[in-house]
Amino acid sequence: MLNNIVNKNIFEISPLIWGASLYSASLHSLLNLATLTDFFSPVESRNDVEKSKPWLDPAELPPITIQIPCRNEPLDVIKNNSLKSALALNYPKDKLTIQLVDNSEQGKYEELAAYCQEQGVQFIHREGRDGGKARNLNIGLGLWPVNGRCYEPRSDLYFLVDADITFEPDTLQKLLPEFKANPRLPFVVCEAESGGGNLFTDAIAATHLPRLYGRTNAEKYGFANSTGFGLLYNRHAWNEIHGWPEDSVSEDWAAGMTIRASSEYWTRGQRVNYVQLIDPVPANLERYKIQQARWAQGNMENMRWYLWPLLKAKHIPWNEKVDVFFRAWGYPQQAMAQVVTPLITLTGGALYAALKNGGIGVIENYLLLNDMSAWLQSGGTIAGLFIIPFVLLGGMPAVFLKIKQGSDTAWHYLQHLLTGSLANIGAGLAITRGVKKGLFGEKNALFNVTPKGNIPKENVLLKTFQKNWKEISVGAMILSASILLLPGYAGLLGFAGLGFMVAPFMSLLKFRQNSSHPKTQTDKPNSSK
């Protein structure tokens, strides 16, 4: 009976493809269910609660350097975000160095240099784009000469933030006890909550909630990796690998994987979510695609170069290896579930319909595979119902935990569960391109930046269509073809098609500044990462 039900679908072999990608996504998402351990744990052992005294004796506070890399950032963005937060830190001024390493073009950094001099901030400028952000960081670490000199490090610990990041005055005091408890700790990662100002940014920000809690709890049991911002790190660990890797699009992941794989001295890094930064979301799909394509490409490059040394390292336990292996499948899974699988399914459905109508019987032999694996097809379809809104499986425990804490953020997440899923689908084509570039070694994304801030108001509707016509066209094709050719899959494929069509226009619906989301921010002037 089960086989007869499955055979009612027009393209009957397609669930095998769905099953292959969706089951892997399910396994990856199950790591986020570790959030449930916090839900059922007593307060003192929860991962989002500080476990060490936030304040050290003032005499014990070590020197720290706040490191801010930037390129062509408007002065207002840096002045009102990262620099403002750094200057407001509750930390002894004689033990704090604020370092801004810049490689902006001529005419785009002079005001910033003057402001830094006025505020006592160490400003380092270099020409060119060689090495990207990683080169700026290495210059700040004293590992690369610039303008005929090397800048000697003033501390062992560096706190890395992007230009548009904001953080609380007590951030350093809350993180430092982790290093006191473990002198061999290479880094501590802060989580970042996101702000927005329109439906698209709020929807994307809402999907960050389950990632925040799921990722932190998963890394408690799995592999903890470094990030490109919100990172308090020990420069000696980076010295051992000769600084941030300059050949990778994602130098942050590359550094963390290399340190863990090559050194038995440094322990696993740590991610905490009791200290959170605010990271703005790209203002529309066009800008979000730039970010996601670069991250997907960098992820694939790092997996090609660094995954195998990490997997074969004898000092790394099996649970970390399993975790990082599934992470390697993250972006390819998105490309499979959102782009490749729907297109293959629709193409195959059209081909099968044509062959069947043409009276060609050889297709029946081909579909014997379908008869042998009806259970896998049905299971793949059922898994798809939970995975297409990908944030559900890992996200609901985070919502329960937030409700337990009495947070309004949980209800905001529930409000944007559907729109957040649709918004993320909109970047599927860009992610697919990034995966392809990373797998085949294309380098042209190395210096791509993610523009942030306000969206131009003139001809917004027309420009939105012009910038995202590929996504809109693919979405319309998937949606219409799923209804006409594959009614049995109209729900799954139709959701993907709708996401491609709707996501570009979400940013046109603006919110007032007094949005119900407590972390929502108004749009900032144009900036780039």
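As shown above, the structure is provided for reference.
What counts as what
Residues numbered from 1 in each chain as written. Predicted model: local features only at pLDDT ≥ 70, side-chain atom pairs only at ≥ 80, totals over all residues. Heavy atoms only, no water. Axes fitted to C-alpha atoms, helices over the stretch in contact; angles between N-to-C directions. Helix = DSSP H or I, 4+ residues; strand = E, 2+ residues; numbered from the N terminus. Parallel < 35°, antiparallel > 145°, perpendicular 65-115°, else oblique. Left-handed = near helix turned anticlockwise from the far one by under 90°. Contact = heavy atoms within 4.5 Å. Nonpolar A, V, L, I, M, F, W, Y, C, P; charged D, E, K, R; others polar. Salt bridge = Lys/Arg side-chain N within 4 Å of Asp/Glu carboxyl O. Buried < 20%, exposed > 50% of the residue type's maximum accessible area, 1.4 Å probe, protein only. Core = buried A, V, L, I, M, F, W, Y, C linked by side-chain atoms within 4.5 Å. Polar contact = N/O pair within 3.5 Å; in protein donor to acceptor, adjacent residues only side chain to side chain. Phe/Tyr/Trp six-rings, centres within 6.5 Å; stacked < 30°, edge-to-face > 60°. Expected span 1.5 Å × (residues − 1).

Caption draft 1: Spatial organisation of the packing of helix H11 (residues 251-262) against helix H12 (residues 285-312). Between H11 and H12, the shortest axis-to-axis distance is 9 Å and the interhelical angle comes to 15 degrees. The orientation of H11 relative to H12 falls into the category roughly parallel. Remark: the crossing between H11 and H12 carries left-handed chirality. On H12, the residues touching Trp253, Ala254, Met257, Thr258 and Ala261 of H11 are Asn302, Met303, Tyr306, Leu307, Pro309 and Leu310. Of the residues in the contact of H11 with H12, the class split is nine nonpolar, two polar and no charged.

Caption draft 2: Molecular detail of the pattern of salt bridges. A full pass over the atoms with the stated rule returns nine salt bridges. One salt bridge in this structure joins Glu320 and Arg260, with 2.8 Å as the shortest N-O distance. Note that Glu320 is positioned in helix H13 (residues 318-328) and Arg260 in helix H11, a separation of 60 residues in sequence. What you see here is one network of salt bridges that share partners, running through Arg71, Glu105 and Lys108.

Caption draft 3: Geometry of unusual backbone geometry. Phi at Asn147 is positive, roughly 55 degrees, even though this residue is not glycine. Within the secondary structure, Asn147 sits in the loop between helix H7 (132-140) and strand S4 (157-160). On the basis of relative accessibility, which here comes to 60%, the residue Asn147 falls in the exposed class. The phi torsion at His242 lies on the positive side, around 65 degrees, for a residue other than glycine.

Caption draft 4: Broad picture of the environment of Trp308. Within the fold, Trp308 resides in helix H12. C-alpha separation for the pair Trp308 and Lys321, spaced 13 residues apart in sequence, amounts to 9.9 Å.

Caption draft 5: Highlighting the nonpolar core. Judged by nonpolar contacts, the single largest core of 40 residues is most densely connected at Ile64, Ile66, Leu83, Leu100 and Phe159. Counting only elements with at least two residues in this core, the list comes to strand S1 (64-70), helix H5 (82-87), strand S2 (96-102), helix H6 (110-119), S4, helix H8 (171-181), strand S5 (187-195) and strand S7 (270-280). Of all hydrophobic cores here, the second largest spans 39 residues; its members include Ala205, Met300, Leu307 and Ile478.

Caption draft 6: Expanded view of the side chain of Glu471. Relative to the elements of secondary structure, Glu471 occurs in helix H23 (residues 469-484). In this structure the side chain of Glu471 is engaged in a polar contact, spanning 3.1 Å, whose partner is the side chain of Lys289.

Caption draft 7: Fine view of the packing of H12 against helix H21 (residues 428-440). At a closest axis distance of 7 Å, the pairing of H12 and H21 adopts a crossing angle of 30 degrees. In terms of their interaxial angle, H12 and H21 are classed as roughly parallel. When you trace H12 past H21, the crossing you get is right-handed. Contacts from Lys289, Gln292, Ala293, Ala296, Gln297, Met300, Glu301 and Arg304 in H12 reach Ala430, Ile431, Gly434, Val435, Lys437, Gly438 and Leu439 in H21. Considering only residue class, the contact of H12 with H21 consists of seven nonpolar, four polar and four charged.

Caption draft 8: Local environment of the packing of aromatic side chains. Here the structure, examined in full by the defined rule, presents 10 aromatic pairs. Ring centres 6.3 Å apart and planes at 75 degrees place the aromatic pair Phe187 and Trp238 in the edge-to-face group. Of this pair, Phe187 sits in strand S5 while Trp238 sits in helix H10 (residues 235-240), placing them 51 residues apart in sequence. Residue Trp238 is classed as buried on the basis of its relative accessible area of 0%.

Caption draft 9: Layout of H21. Helix length check: H21 (13 residues) gives 18 Å between terminal C-alpha atoms against 18 Å at 1.5 Å per residue, within 8%. Buried within H21 are the following residues: Gly428, Leu429, Ala430, Ile431, Gly434, Val435 and Gly438. One or two positions beyond H21, positive phi appears at Gly441, with a value near 80 degrees.

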